[in-house]
Amino acid sequence: MTDSGSQVTMTGSSARTVTTGPDDFDLVVIGSGPAGEKGATQAAYYGYRVAVVERRADPGGSAIAVSGVPVKALRDAAVYLTGWSRREVFGIGISLSRELIMERLRAHVTGVVTAMSQAVGANLDRHGIELVHGDARLGEGRTVVVRGEDGQERVLRAGVVLIATGSRPHHPPGLPFDDPDVHDSETVLSIERLPERLVVVGGGPVGAEYASIFAALGVRVTLVDRGARLLPILDADISRSLADSLTRAGARLMFQSQVDSVARGPDGLIVRVGSESLPADAVLHALGRTGNVEGLELADAGVTVDSRGRIRVDDRFETTAAGVYAAGDVTGPPGLGSVAMEQARVAMCRAFAIPFKESLDSMVPTGIYTLPEVSMVGLTEAAARSVSDDVGTGRTYFSGNARA
């Protein structure tokens, strides 16, 4: 079929644009995070002409700028600055002022983010991928319209489109996110002074990671969660061990509880949890994420999303619009960078009939960077017992190893 001077040839599930101009591409990717970068390079490696649209000044998406990478960098800096991994062994740690701690933490995070963003940019350059800056929306006839900072629009014609715009923290109604001390998992990285009292809302991976990091830094942390335990995706005994570790670090865990309100008092924030009022210098809300789909004009293009902005895809990661694919956080859980990368690779292999990856692995390793970190692969014991009575378990402990 022909569209605005661009010839698109279709072979089964593959699509190839016979490029006739600078705005004609085999693949246009919206977003340069883990899914966008790997999807783009997968196609470019096999000789397809690719463009990546990114609205941020630097490539890498929110995973590098404000999400996954900064949290891991913050964790490692906290371990080093506090002597966390050795202070129980030797009985000493490092003591710094709250202002100096945040200054050092931010400097380390900035350095890591810059390095990782440069690595993504270099990878795109190495594969001959054109990086286009601006806000994207889907146009007619499988085009992507990019609006630059100067207001000018450029229309990119594509054989295939991959949406990899990621997600952002969910902001439930009723919480005063306009208050400078009420944060989500992205804005909390901007705090200038380490709080003395922090209330973390949510006992999932993000809430548990931040709670353990701030507890290691000497903050009085209270974690509030509606569930019965931390990280319900894990085996119960692992969740209990992590909860015990957080408690030993001075954190208070309030399960089967929920935050009813957050208000500004004369001496700081007041967090209402049931009949209890918790004083806090800062609040971190870490419950759920929402897909970044605003402005993409998905409905006009025939792409279906749910109420949380998550794009609906099939097992090939193709959306309800032919030739338009989606991968990563914008499609929903599990919200792991490694999974987002694999989803994008599978999507592009299916789109271009590349004989490399046809499906995701059924068992995806999960790593959660708490202090201490936890990880898993496969079924939990409870899940295994729900399928069969023939289940064996084994346990061993680091405490039994002198080197640990």
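Residues numbered from 1 in each chain as written. Predicted model: local features only at pLDDT ≥ 70, side-chain atom pairs only at ≥ 80, totals over all residues. Heavy atoms only, no water.

A. The arrangement of the sheet that holds strand β14 (residues 252–254) in detail. In space, the 5 strands of this open sheet follow the order β11-β18-β12-β13-β14, with parallel pairing throughout. Each edge of the open sheet is held by one strand with a lone partner, namely β11 (182–184) and β14. Across this sheet, the average inter-strand angle for adjacent strands is 20 degrees, counted without regard to direction. As paired elements, strand β13 (residues 220–224) and β14 share 3 bridges and run parallel to each other. Considered in β14, the bridge of T222 is made with R252. Together, β12 (197–201), β13 and β18 (282–285) form the strand contacts of helix α6 (residues 205–216), whose direction differs from that of β13 by roughly 165 degrees. (Pairing = 2+ DSSP bridges. Helix = DSSP H or I, 4+ residues; strand = E, 2+ residues; numbered from the N terminus. Axes fitted to C-alpha atoms, helices over the stretch in contact; angles between N-to-C directions. Contact = heavy atoms within 4.5 Å.)

B. Examining the sheet that holds strand β17 (residues 276–280) more closely. On the basis of which strands lie adjacent, the open sheet formed by 3 strands has the order β15-β16-β17 and antiparallel pairing. Unpaired on one side and paired on the other, β15 (259–265) and β17 mark the two borders of the sheet. Taking the axes of each pair of neighbouring strands and ignoring which way they run, one obtains an average angle of 25 degrees across the sheet. Bridge count for β15 against strand β16 (residues 268–273) is 6 bridges, and the pairing is antiparallel. In the sheet register, G265 faces β16, and the bridge partner there is G268.

C. Inspection of the pairing of β16 at higher detail. The hairpin formed by β15 and β16 contains 2 residues between the paired strands. Alignment of β16 against β17, held across 5 bridges, turns out to be antiparallel. Looking at β17, one finds that L269 is bridged to A280. The turn joining β16 and β17, which pair antiparallel and follow one another in sequence, is formed by 2 residues; a positive phi near 60 degrees is taken by G274.

D. Focus on unusual backbone geometry. In this structure, P334 follows P333 across a cis peptide bond, with omega equal to 15 degrees. Position of P334 relative to the elements: it lies in the loop between β20 (324–326) and α9 (337–351). Between L371 and P372 the backbone carries a cis peptide bond, its omega angle lying at 0 degrees. Topologically, P372 is positioned in the loop between β21 (366–368) and β22 (374–376). Even without being glycine, Q256 reaches a positive phi, approximately 50 degrees. Mapped onto the secondary structure, Q256 falls in the loop between β14 and β15. Although it is not a glycine, F317 sits at a positive phi angle of roughly 65 degrees. For F317, a relative accessible area of 10% puts it in the buried group. (Buried < 20%, exposed > 50% of the residue type's maximum accessible area, 1.4 Å probe, protein only.)

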